Amino acid sequence: MSRRVLILAIWCRVVLHVWGSLTAANGPGRCSIGVLEGRGFTAAGDIIIGGIFPVHYNKVFPDTPFTDLPKPIVCEKFSLRSYRWLQAMVFAIKEINENPFLLPNITLGFAIYDSCDVIPRGLEGTLWQLSGQDDVLPGYRCRPEPLAAVIGDAGSGVTLPVARMLGLYGYPQISYFSSVPLLSDRRQFPSFFRTIPSDEFQSRALARLVRYFGWSWVGILAAEDDYGQLGSQILREEIQGSGVCLAFSETVPVLYNLKKIMKIVQVVKSSTANVIIVFSFESYLIPVMAEMARQNVTGKVWIASEAWSTSPSLAQKDQLRTLGGTIGFAIRRGEIPGLKEHLLSVSPQWPLGKSANLNKSSDVISWNENSTTQQQKASSGDVLVKLFWEEVFKCKWPDLPDYMSSFFGPRLTCTQQESLASLDTAYSDVSNLRITYNVYNAVYAVANALHDLHSSKHVKGPFLNNECANIQNFEPWQLLNYMKKVHFINNAAESVFFDDNGNPPALYDILNWQETHTGEIRYVKVGSFNFSAAPGQDLLINENAIIWNGGQKQIPRSVCTESCPAGTRKATRRGQPVCCFDCIPCSEGAFTNESDSAECLYCPEGFWSNEKRDSCTPKLIEFLSFQEPLGAVLVSLSVVTSLMPISTLAIFLWHHRTPIVKANNRQLSYVLLCALAMCPLCSLIFIGRPSPTSCMLRQTAFGTVFALSVSCVLAKTIMVVIAFRASKPGSGLQKWVGSCLPNSIACGGTLFQIMICVTWLAASPPFPENNTKAHTSTVILECNEGSSLAFWCMLGYMGMLAFISFIVAFLARKLPDSFNEAKFITFSMVVFVSVWLSFIPAYISTKGKYMVAVEIFAILSSSAGLEVCIFYPKCYIILLRPEWNTREYLMGKKTITE
């Protein structure tokens, strides 16, 4: 029920619209086509094929008050190309009628109408063809000959309402130039076919073309009709899904509007986009491009849709600076043998050409001669050819009114002596037949469908109750059944057929507008697009054959922002399309070796980005080696520092019988000197590439040897105190005098440190580690302490021994003696504690080999400090003051004076 209501509403709207146009032109009560300014003409035949062509393209819509009937639309400019299309239909019908194998004994006639590319005239022409007489009677067919199909119209805006009307009755319609995708909808347009691919295919092809040339910043101009808006909508979806951004999208006015045109020109001039895709018919685009040329808009790449890619009206010398280098999609080019001769034979005397023979049984040609315009009788076919004659030869027929001619000044009177062969016009140019070729194929498609209907040999018919159609009296929906299955080879040896949506195979030629040596524009084929080809082979382009605007051979760039080089990443700008971005250098440790990278990648562990941030290089390996100057210096200092206690030990051994060596536990002094000799040698383990063994020995050996040294110092300090206290009469400390106590203290203090180190090594031993975090561009080979707690416990214990020694020595510093060793031990502990207290912040604040160097320096300076403060005063006496090296002097019983 809802479908019927919808059909009724559409039909009422169409009838009221057309009825208003007809009554406005003819007055109430009559709608004779003959008085409608010669818009159509017919040729009789057994079967009629309708044709709708925009013979005129400039139209003026008169201002009409709402209370008055609409005034007729005035069509001003005559289109030579459209008239060639019309004659191509006549020529195809003539060929078919002369072909004894196609529709034998059947003569095709035609009913052709000039729509002027406006909806009311397209609809009234369709109704005229349906009714079959000058008086339009919607819903009635007064012509005895059946109407097979309608060829047309060109513009999608007119084709859509015509297709809705014909779809109600099931009349096949074949358009030669309407490419709007909506017409592929079989629910809305069940009887529509076309010989031009749908804009859906063209939009995809345009998007592929844009991606092929690497353009990411484009503008779109689209006519404000169905063709422009629907085609550009599909194009936007296609290109935006592939990373291409729109710089602007402007609407081309269908009716002349200077304000809109100036806005379009200003947008194009100010935009940084160098590529503009235009979806528009040439008639709408002419004033826009004229203004572009006037304002000297150059350097742009215009991408033309098939509607204007071969437009002779735009390919003029004055447009060369603007439109030169245009890349256009054009429907495939075809050859029509014999068409040129037919076109040149057309004249006011022979509107269908001199050799026209439309009747297979007779030479009778029936013309519609009921027309009366301004009291002058002329066949409507004569009127159209006379208008064509006026346009071509710039003359005027006296029997035509002024508003019928393209009169812009005084002209000579037309005669029938003019010769088309002497002119070079778009009408007679058959070197680039595209739309004309579509018209030719459309007529042949109808003829072949009629032939299939006529020659069907099925035992059972394809229709209800197994009926077969009668070629002399068939219903339109019966022919529609054969139209859907038509498949034939035309005279150019090309296959013609339609898919389920009424579309032909999607084939396009890619044209380039190039300047000839005469300063004119020619269309050079530089590629093709075949939608049915395999991916990657659908678009074929010969880049070397393209000449861009300004005569350039290099592909123009059209980007919002130039590509980000390797080593940088794209950062989109707030509020702008994704194609507009800033190039941000990759951060340290990150890289990208590709241009236009969205993000930077971090280098793998052990690698670092170079200065350009476009690759990763191995990080510098850092450790304190023996070969580098710092390592060599520390090795030398370690050896020298180790030789100092050894030389002191040699001196002591050589003078071991002297009183100063015997005083205060000679054996303990030997052990201390040996320990002080090993302390600098421990630092050698810190130098070189870390290994598992060296890492475990570094801190433990250093801690153990230093614990032995400090324990010996503590033992010596305690023995100094005991020795002086025990010398007093009645002292109970005499029993502690001897070697047992100091040896026990030295061994006990060292064993406790050994226990700490053994526990450390058992629980969490140190191990070599590659430190990649301390320095961004360097891998530090170091020893991980394993357990920081154990490390600081070891140092803390050593510090505790030193602190106790310092306290004891400090308390005994004023003991009476000519050689008070407690005073020197105090000095040594001050140096020792000062070194290690300063070591802690220095150690924490440094990394890598310098941290190792700090610890080595602390080891060397502390061990040297102990030796110098404790033993050098004794060496001074032994070597330089032997007279002091006596028992009396040491006991304070003898004074030495200088």
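**A few points about the side chain of Ser805**
Part 1 of the argument: Structurally, the position occupied by Ser805 is in helix H19 (residues 788-811).
Part 2 of the argument: Excluding anything up to four places from it in sequence, Ser805 contacts Val710, Val713, Leu714, Thr717 and Met829.

**Here's the deal with the packing of helix H14 (residues 629-654) against helix H16 (residues 666-682)**
Part 1 of the argument: Direction vectors running N to C along H14 and H16 enclose 165 degrees, while the axes themselves pass 7 Å from each other. One element, H14, and the other, H16, form an angle in the roughly antiparallel class. With respect to the hand of their crossing, H14 and H16 are arranged in left-handed fashion. Residues Ser638, Thr641, Ser642, Pro645, Ile646, Thr648, Leu649, Phe652 and Leu653 of H14 form the contact with H16, whose participating residues are Tyr670, Leu673, Cys674, Leu676, Ala677, Pro680 and Leu681.
Part 2 of the argument: Here the contact of H14 with H16 is composed, by residue class, of 12 nonpolar, 4 polar and no charged.

**A look at the packing of aromatic side chains**
Part 1 of the argument: Under the defined criterion, the tally for this structure stands at 41 aromatic pairs.
Part 2 of the argument: On the basis of an interplanar angle of 55 degrees and a centroid distance of 5.2 Å, the ring pair of Phe193 and Phe498 is categorised as tilted. Placement of the pair is Phe193 in strand S8 (residues 192-194) and Phe498 in the loop between strand S19 (495-497) and strand S20 (507-515), with a sequence separation of 305 residues.
Part 3 of the argument: Considering the side-chain rings of Phe529 and Phe531, the 6.3 Å spacing of their centres and the 50 degrees angle between planes classify their relative orientation as tilted.
Part 4 of the argument: Of the residues examined, Phe531 reaches a relative accessible area of 30% and is grouped as partly exposed.
Part 5 of the argument: The structure contains a cluster of three or more aromatic residues connected by ring pairs, namely Phe702, Phe706, Trp760, Phe791, Trp792, Phe832, Trp836, Phe839 and Tyr843.
Part 6 of the argument: When the ring centre of Trp397 is taken as reference, the NZ or CZ atom of Lys386 above it lies at 5.1 Å.

**A word on the nonpolar core**
Soluble globular proteins tend to bury their nonpolar side chains together.
Part 1 of the argument: Counting 140 residues, the largest nonpolar core has Tyr83, Met89, Trp302, Phe388 and Leu450 as its most contacted members.
Part 2 of the argument: Excluding its chain neighbours within four sequence positions, the residues that come into contact with Trp302 are Leu221, Val268, Ile276, Val278, Met289, Met292, Trp308, Thr322, Leu323, Thr326 and Ile327.
Part 3 of the argument: Among the nonpolar cores identified, the runner-up in size contains 63 residues, and Val713, Ile722, Ile825 and Tyr889 belong to it.

**With respect to the sheet that holds strand S21 (residues 521-530)**
Sheet strands pair by backbone hydrogen bonding; their relative direction is either parallel or antiparallel.
Part 1 of the argument: Taken in spatial order, the 8 strands line up as S10-S9-S11-S12-S13-S20-S21-S22 in an open sheet, and their pairing is mixed. Every other strand in the sheet has two partners, leaving strand S10 (245-252) and strand S22 (539-541) as the edge strands with one partner each. Between one strand axis and the next, the sheet turns by 25 degrees as a mean value, whatever way the strands run.
Part 2 of the argument: With 3 bridges joining them, S21 and S22 adopt antiparallel strand pairing. Opposite Gly527, over in S22, you have Ile541 as the bridge partner.
Part 3 of the argument: Against the sheet, helix H5 (residues 199-212) contacts strand S9 (217-223), strand S11 (275-279), strand S12 (301-304), strand S13 (327-331), S20, S21 and S22, and its axis sits at roughly 175 degrees relative to S11.
Part 4 of the argument: Where helix H7 (residues 258-270) meets the sheet, it contacts S9, S10, S11 and S12, and its direction lies at approximately 165 degrees from that of S10.

**Overview of the pairing of strand S30 (residues 767-775)**
Part 1 of the argument: As judged from the 6 bridges shared by S30 and strand S31 (residues 778-784), these two strands associate in the antiparallel manner. Note on S31: the bridge partner recorded for Phe767 is Asn784.
Part 2 of the argument: The hairpin formed by S30 and S31 contains 2 residues between the paired strands.

So, how was this worked out
- Residues numbered from 1 in each chain as written.
- Predicted model: local features only at pLDDT ≥ 70, side-chain atom pairs only at ≥ 80, totals over all residues.
- Heavy atoms only, no water.
- Helix = DSSP H or I, 4+ residues; strand = E, 2+ residues; numbered from the N terminus.
- Contact = heavy atoms within 4.5 Å.
- Axes fitted to C-alpha atoms, helices over the stretch in contact; angles between N-to-C directions.
- Parallel < 35°, antiparallel > 145°, perpendicular 65-115°, else oblique.
- Left-handed = near helix turned anticlockwise from the far one by under 90°.
- Nonpolar A, V, L, I, M, F, W, Y, C, P; charged D, E, K, R; others polar.
- Phe/Tyr/Trp six-rings, centres within 6.5 Å; stacked < 30°, edge-to-face > 60°.
- Buried < 20%, exposed > 50% of the residue type's maximum accessible area, 1.4 Å probe, protein only.
- Lys NZ or Arg CZ within 6 Å of the ring centre and 35° of its normal.
- Core = buried A, V, L, I, M, F, W, Y, C linked by side-chain atoms within 4.5 Å.
- Pairing = 2+ DSSP bridges.

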